[in-house]
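One letter stands for each residue in the lines below.
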Amino acid sequence: MGSDSAFDFEKESDVFEYVVKEGHGVKGLADTGLTTVPPRYIHPPSERIDRKDTIDSTPFLSDPIDISALLEEGDDVDVETKKSEISKKLCEAAEKLGFFQVVNHGVSHEVMEDAKRAAHVFFNLPRERKLALSKANSPCQHVFCGTSFSPQAEKSLEWKDYVSMVYVNDDEEVRKFWPEECRDAAIAYLKSANRMILAMLSALLKGLGVEIDEATIRSYTDARAVNMNFYPPCPNPDLTVGVGRHSDLAALTILLQDDIGGLFVRAQDKGWIEIPPVEDALVINVGDTLEILSNGRYKSAEHRALASNTRARVSVPIFVSPIPPTTIGPLPGLAEKNGKTVYKQLLFGEYMDNYFRNGHQGKATLDFARA
């Protein structure tokens, strides 16, 4: 399309060209001043999010868990007792809902605020800057911008743009390729969360009651992606979704959300609850990889997100995963302990390729790994 004046909001091919191929993203679409959501963004009624349809979260969502003792050094009896109590709470939350919040986690207020500010700065850059980092144009496979989840495979697009920055133990790559407008804030957030990530994953895996060494635990954290998600103000948030129903690919997701809210989680088969923003808390959720490792004991809950009609919403997740050649499957001894094998052994790369092949589809992606 030559100009915005020739742009037809009603024509799905025009919207796709403008948003995806020309790299304007949904941010550029919102900036045109449109007053209704284009048809390409309208989702079926069954997939839309209505806060009035949520249920009481109290039976499912625990109070934020103070994990400060889990990060303490030392192995005296008092510290070990506190660590054991926290680990038990984490395991219970991972089994019940797969989502929980943590406080006193080692990531400072300033680092979290910087990360949220950096997301706003990045997505307010000119289109050309973001287009240069699209999957087709980015000089580094570990850094890329996009919109929606899998636009080529989706009938209805999601009201979200994102930048993904994957850290694979290479500070030189970070300095060279991560966008300078958000690089320092993103890496500060990631590095200050590393200790918490290892402590929580170790507690959860050891809580399964089988032997596992530290090297194996670390192997499930070798790839850590910092994503910055941007949800522009939406004229009809009731007709679309910021993110559709899905479970995460990762072992763990560490989510920093702003004060707008809009994160919804399926509470077993009872309905949807909203995870309210809590100042300085981080939202932690079990991903598919951890459900597979736990032979189904921990749950990677379906979740989705709602855009706002008044303000741009941002969230900054860290996805903690193994690298593609790593084998994932129930930890040794779990199948015998549980009396059944729920998931098979497979390469993480195989699971990842299948996961990204389609649009969001709830937890159907886990069928690929079933025994």
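Please read these numbers as outputs of a predicted model, since none were measured by experiment.

Asks: So what about the overall build of the protein? Which residues, and what values?
Replies: Counting its secondary structure elements, the protein contains eleven helices and 14 strands. By the compact-globule yardstick of 21 Å for 371 residues, the protein fits well, its C-alpha radius of gyration being 20 Å. Along the longest, intermediate and shortest principal axes, the C-alpha atoms of the protein span 70 × 45 × 35 Å. In the protein, the proportion of contacts linking residues at least 24 apart, taken out of those at least 6 apart, comes to 76%.

Asks: So what about the nonpolar core? Which residues, and what values?
Replies: Of all hydrophobic cores here, the largest spans 81 residues; its most connected members are Leu-90, Tyr-189, Met-200 and Ile-254. It is helix α7 (residues 183-206) that provides the largest number of residues to this core, a total of 14 residues. In contact with Tyr-189, other than residues within four places in its own chain, are Val-107, Val-111, Ala-115, Val-226, Ile-254, Leu-255, Leu-256, Leu-282, Val-316 and Ile-318.

Asks: Describe in detail the sheet that holds strand β11 (residues 303-305), supporting the description with residues and values.
Replies: What links the strands of a sheet is backbone hydrogen bonding, and the strands pair in either a parallel or an antiparallel sense. Read from one edge of the open sheet, four strands run β6-β11-β8-β9, paired in antiparallel fashion. Only two strands of the sheet have a single partner each, and these edge strands are β6 (243-246) and β9 (271-274). Going from strand to strand, the sheet's axes swing by 20° on average, the running direction of each strand aside. Inspection of the sheet shows strand β8 (residues 263-267) paired to β9 by four bridges, in the antiparallel sense. Directly across from Val-265, in β9, lies its bridge partner Ile-273.

Asks: Outline helix α11 (residues 348-355), listing residues and values.
Replies: Because the α-helix completes a turn every 3.6 residues, residues three or four places apart line up on one side. Taken as a whole, α11 has its buried residues at Phe-348, Gly-349, Tyr-351, Asn-354 and Tyr-355. At its buried positions, α11 is contacted by β6, α9 (288-293), β12 (313-321), β13 (327-328) and β14 (346-347).

Asks: Explain the sheet that holds strand β4 (residues 161-167) to me, and be specific about the residues and the numbers.
Replies: The strand order across the open sheet formed by eight strands is β1-β2-β10-β7-β12-β5-β4-β3, and the pairing between neighbours is mixed. With partners counted over all chains shown, the strands left at the sheet margins are β1 (65-66) and β3 (143-147), one partner each. Helix α3 (residues 77-96) contacts β1, β2 (99-103) and β10 (282-286) of the sheet and is inclined by roughly 150° relative to β2. Across the face of the sheet, helix α4 (residues 109-123) comes into contact with β3, β4, β5 (223-231), β7 (252-257), β10 and β12 while running at roughly 60° to β5.

Asks: Could you give me a rundown of α3, with the residues and numbers involved?
Replies: For α3, which comprises 20 residues, the first-to-last C-alpha distance of 29 Å matches the rise-based estimate of 28 Å (1.5 Å per residue) to within 8%. If you check which residues of α3 are buried, you get Val-79, Lys-83, Ile-86, Ser-87, Leu-90, Cys-91, Ala-93 and Ala-94. All buried residues of α3 lie within an arc of 160° about the axis, which places them on one face of the element. Relative to its buried face, α3 has exposed residues pointing more than 90 degrees away, namely Val-77 and Lys-88. Looking at the buried side of α3, the elements it contacts are β1, β2, α7 and β10. N-cap assignment for α3: the residue whose side-chain oxygen lies 3.1 Å from the backbone N of Asp-78 is Asp-76. A positive phi of about 85° marks Gly-98, the residue just after α3.

Asks: Hey, could you go over the side chain of Asn-295 for me, with residue numbers and the actual values?
Replies: Mapped onto the secondary structure, Asn-295 falls in the loop between α9 and β11. When residues no more than four places from it in sequence are discounted, the contact partners of Asn-295 are Pro-330, Leu-334, Ala-335, Asn-338, Lys-340, Thr-341, Val-342 and Tyr-343.

Asks: Which residues make up the packing of aromatic side chains, and what are the values?
Replies: Inspection of the entire model under this criterion finds nine aromatic pairs. The interplanar angle of 90° and the centroid separation of 5.1 Å between the aromatic rings of Phe-122 and Phe-123 together place this pair among those described as edge-to-face. Take Phe-123: its relative accessible area is 2%, and that puts it in the buried class. Geometrically, the ring pair formed by Phe-123 and Phe-230 is stacked, given 5.2 Å between the ring centres and 20° between the ring planes. On the criterion of sequence distance, the pair formed by Phe-123 in helix α4 and Phe-230 in strand β5 is long-range, its members being 107 residues apart. By relative accessible area, Phe-230 is classed as buried at 2%. Seen from the ring of Trp-272, Arg-304 lies directly overhead, with NZ or CZ sitting 3.9 Å from the centre. If you follow Lys-344 out to its NZ or CZ, it ends over the ring of Phe-368, 5.4 Å from the centre.

Asks: Summarise the pairing of β7; cite the residues concerned and give the values.
Replies: Most of β7 sits out of view: six of its six residues are buried. Of the two faces of β7, the one carrying Leu-252, Ile-254 and Leu-256 and the one carrying Thr-253, Leu-255 and Gln-257 are both buried. In this structure, β7 lies alongside β10, joined through four bridges in antiparallel fashion. Its bridge partner being in β10, Ile-254 is matched across the sheet by Ile-284. For β7 and β12, the ladder comprises six bridges, and the chain directions are antiparallel. When the sheet's bridge partners are listed, Gln-257 is paired in β12 with Ser-315.

Thresholds, definitions, all that
Residues numbered from 1 in each chain as written. Predicted model: local features only at pLDDT ≥ 70, side-chain atom pairs only at ≥ 80, totals over all residues. Heavy atoms only, no water. Helix = DSSP H or I, 4+ residues; strand = E, 2+ residues; numbered from the N terminus. Rg over C-alpha atoms; globule rule 2.2 N^0.38 Å. Contact = heavy atoms within 4.5 Å. Core = buried A, V, L, I, M, F, W, Y, C linked by side-chain atoms within 4.5 Å. Buried < 20%, exposed > 50% of the residue type's maximum accessible area, 1.4 Å probe, protein only. Pairing = 2+ DSSP bridges. Axes fitted to C-alpha atoms, helices over the stretch in contact; angles between N-to-C directions. Expected span 1.5 Å × (residues − 1). Arc of directions from axis to C-beta. Polar contact = N/O pair within 3.5 Å; in protein donor to acceptor, adjacent residues only side chain to side chain. Phe/Tyr/Trp six-rings, centres within 6.5 Å; stacked < 30°, edge-to-face > 60°. Lys NZ or Arg CZ within 6 Å of the ring centre and 35° of its normal.

Shape is all these values report; function is a separate question.
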